[in-house]
Amino acid sequence: MKTSTTLLLTAATVSAFSVQPNNVRPSTSLNGLFDGVKDAFSAPPSEIDSERETPIDRWMGWSVVSDQKEAGAETPSDFVDSMDTTNYISVELTKPMGIIFEENDPEFGGIFVQALKEGGVAEENGKLINGDQLVIVGTKDVSGLDFDDALGAIIDAPEDKVKLTLFRGTGKQFYGPTGPSKEWLADLCAKGGVESSS
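As the structure is a prediction and not an experimental result, all values here were calculated from the model.

How each quantity is defined
Residues numbered from 1 in each chain as written. Predicted model: local features only at pLDDT ≥ 70, side-chain atom pairs only at ≥ 80, totals over all residues. Heavy atoms only, no water. Salt bridge = Lys/Arg side-chain N within 4 Å of Asp/Glu carboxyl O. Buried < 20%, exposed > 50% of the residue type's maximum accessible area, 1.4 Å probe, protein only. Helix = DSSP H or I, 4+ residues; strand = E, 2+ residues; numbered from the N terminus. Polar contact = N/O pair within 3.5 Å; in protein donor to acceptor, adjacent residues only side chain to side chain. Contact = heavy atoms within 4.5 Å. Arc of directions from axis to C-beta. Core = buried A, V, L, I, M, F, W, Y, C linked by side-chain atoms within 4.5 Å. Pairing = 2+ DSSP bridges.

(A) Structural detail: the pattern of salt bridges. Summed over the entire model, instances satisfying the criterion amount to two salt bridges. Across the salt bridge formed by D187 and K191, the nearest N and O atoms sit 3.4 Å from each other. A relative accessible area of 39% means that D187 is categorised as partly exposed.

Structural data, given as structure tokens:
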């Protein structure tokens, strides 16, 4: 009895491990460990936020939101480039200038043109507008200074005609994260601002 059971078991085992001919393909899909890997890597990159990007994504080179899309999404519609000299204006005005300055919010510092005195030198010049940020007096950087110190630079200037360089934008655009680098601003001060338009 034992011999016949062993023989039957051996015959069943041999038929289970028989080799199929090469021309016969299995009709079922493979269920191995690496099935679908090719499909996963050939799929288009997902567009998830950069906040959800993981180190493995960066290591493997998997794309999250493309840099161009991300940069485009973060650029506000009212963006003014504070490192572009075309967004600056310089005027040479005699004292008293007739400019009413106001201090920016404490988080930014600096002063801006609140209004021009009627009949004053600045109004007659016609180049300044309300909201211009005072940046340079002569060659002195006054950006970020409090009201008294920034205005003191104008008052203390030895000549009657003083060159002012102002940024055409808001305090947030100049003093915020999109503001100019210290090196760029120092270079602009050394040049005495931009070409005077008066």
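(B) Looking closely at the side chain of D132. In this structure, D132 sits in the loop between α5 (121-125) and β4 (133-137). Only 3.1 Å separates the side chain of D132 from the backbone nitrogen of I129, close enough to count as a polar contact. D132 has contacts with I89, I111, F112, V113, L166, F167 and R168, leaving out every residue within four places of it along the chain.

(C) Fine view of helix α8 (residues 182-190). Turning to α8, its buried residues number three or more, namely W184, L185, L188 and C189. Each buried residue of α8 lies within a common arc of 140 degrees when the element is viewed along its axis, so the set occupies one face. Exposed residues on α8 whose side chains face more than 90 degrees from its buried face are K182, E183 and A190. Downstream of α8 by one or two residues, G192 has phi in the positive range, about 80 degrees.

(D) Spatial organisation of unusual backbone geometry. Following K95, the chain continues to P96 via a peptide bond in cis, the omega torsion being -10 degrees. By the element assignment, P96 lies in the loop between β1 (88-94) and β2 (99-103).

(E) Here's a closer look at the nonpolar core. In terms of nonpolar packing, the biggest core is built from 20 residues, with I99, L128, L134, V137, L164 and L166 touching the most fellow members. Only β1, β2, β3 (111-116), β4, α6 (147-155) and β6 (161-167) provide two or more residues apiece to this core. In contact with L166, other than residues within four places in its own chain, are N87, Y88, I89, V91, V113, L128, D132, Q133, L134 and V135. Listed in part, the 12 residues of the second largest apolar core include F174, Y175, L185 and V194.

(F) Layout of α6. For α6, the full list of buried residues reads A150, G152, A153 and I154. Where α6 is buried, its residues contact β2, β3, β4, β5 (140-141) and β6.

(G) Region of interest: the pairing of β6. With five of seven residues buried, β6 is to be regarded as a mostly interior element. Relative to β6, β1 is paired through seven bridges, and the arrangement is antiparallel. Considered in β6, the bridge of Y88 is made with F167. Pairing of β4 with β6, which is carried by four bridges, proceeds in the antiparallel orientation. Paired with I136 across the bridge in β6 is T165.

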